[in-house]
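A structural walkthrough
Residue strings, one per chain:
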Amino acid sequence: MNVSISSNINLWYTACILLLSLLANKSTHAQRTPTISYISQEQIKDIGGTVEFECSVQYAKEYSVQWTKTDGEPVFLSSGSTLVIRDSRFALRYEPSASTYRLQIKDIQETDAGTYTCQVVISVVNKVSANVKLSVRRPPVISDNSTQSLVASEGSEVQMECYASGYPTPTITWRRENNAILPTGNYI
């Protein structure tokens, strides 16, 4: 009978150790909050070019990872390893070994400029996210509402306006015909 009690105690002790070990592993696993370990840096690309954004996550196997364009009204681009947007210019590649989601945009348009967000959805109110900005280079264009021509009497004050757009923002400089010196301040 002594052997039986000792055997039951050993069995009970082993079961308790196993249970505590399982609980410790589960609580350690539960403490690992999903994180984004890497996101690409800001990108500046030409119209018609290609860009690729990379987002690496940790501890997110049980959660949904999404790419979203977040300027203005959010546009969902992907969920997990599936591309949601139906645009042939977009592609998504998932590398399970590195837990990396790569979003590629080909034939970049001006409207593609903006902020792209990689996020791990933990719950309805809890998300881990990181952003990367895409700027699209555009050649400078002088706006039609700039001063085209002006007729003025000698000695009168005139105001000429020039509006230009593009990226990076163009610098506007003025010059006279044949590169003659421009007047400065009140002196001609």
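The structure presented is a predicted model; accordingly, all values stated were derived computationally and were not measured. (Residues numbered from 1 in each chain as written. Predicted model: local features only at pLDDT ≥ 70, side-chain atom pairs only at ≥ 80, totals over all residues. Heavy atoms only, no water.)

Per the stated rule, a full pass over the model turns up one disulfide. Each sulfur in the disulfide pair C55 and C118 lies 2.0 Å from the other. With the S-S dihedral at roughly -75 degrees, the linkage between C55 and C118 falls on the left-handed side. With a gap of 63 residues between them, C55 in strand β3 (residues 51-58) and C118 in strand β9 (residues 114-121) connect regions that are remote in the sequence. Comparing C55 with C118, the two get one shared label, buried. (Disulfide = S-S within 2.5 Å. Helix = DSSP H or I, 4+ residues; strand = E, 2+ residues; numbered from the N terminus. Buried < 20%, exposed > 50% of the residue type's maximum accessible area, 1.4 Å probe, protein only.)

The biggest cluster of nonpolar side chains holds 24 residues, and the ones touching the most others in it are F53, V57, W67, L103 and Y116. Apart from residues no more than four positions distant in its own chain, F53 is found in contact with S40, Q43, W67, Y101, R102, L103, I105, Y116, V132 and L134. (Core = buried A, V, L, I, M, F, W, Y, C linked by side-chain atoms within 4.5 Å. Contact = heavy atoms within 4.5 Å.)

The next point concerns the confidence of the model for the protein chain. Scored by pLDDT, the protein chain comes out at a mean of 83, with 80% of its residues at no less than 70. In the predicted structure, residues 12-16 sits below a pLDDT of 50 and forms zero contacts with residues beyond four places in sequence or in another chain. (pLDDT = per-residue confidence, 0-100.)

A separate point is the pattern of salt bridges. Counted by the stated rule, this structure contains nine salt bridges. Across the salt bridge formed by R102 and E95, the nearest N and O atoms sit 2.6 Å from each other. On the basis of relative accessible area, R102 is assigned to the buried category, the value being 16%. By relative accessible area, which is 24% here, E95 ends up partly exposed. If you follow the salt bridges from partner to partner, you end up with E52, E54, R93, E95 and R102 in one network. (Salt bridge = Lys/Arg side-chain N within 4 Å of Asp/Glu carboxyl O.)

Pairing in this open sheet of four strands is antiparallel, and the strands run β1-β3-β8-β7 from one edge to the other. Only two strands of the sheet have a single neighbouring strand rather than two, namely β1 (35-39) and β7 (90-95). The average undirected angle you get between the axes of adjacent strands in this sheet is 20 degrees. Summarising the sheet, β7 and strand β8 (residues 100-105) pair through six bridges and their orientation is antiparallel. Paired with L92 across the two strands is L103, which belongs to β8. (Pairing = 2+ DSSP bridges. Axes fitted to C-alpha atoms, helices over the stretch in contact; angles between N-to-C directions.)

Attention now moves to unusual backbone geometry. P168 follows Y167 through a cis peptide bond whose omega is 0 degrees. By the secondary structure assignment, P168 is in the segment after β11 (164-167). Non-glycine residue Y59 carries a positive phi angle of around 55 degrees. By the secondary structure assignment, Y59 is in the loop between β3 and β4 (64-69). With a phi close to 50 degrees, S99 is a non-glycine residue in the positive phi region. Tracing the sequence through the fold places S99 in the loop between β7 and β8.

Together, L150, V158, M160, I172, W174 and L182 give the surface a local cluster of nonpolar side chains, amounting to about 540 Å² of exposed area. Examined against the element boundaries, M160 turns out to sit in the loop between β10 (127-142) and β11. The class for M160 is partly exposed, based on a relative accessible area of 46%. (Patch = residues over 30% accessible without salt bridge, like charges linked within 9 Å, V, L, I, M, F, W, Y side chains within 5 Å. Areas by Shrake-Rupley, 256 points an atom, 1.4 Å probe, with all protein chains shown as cover.)

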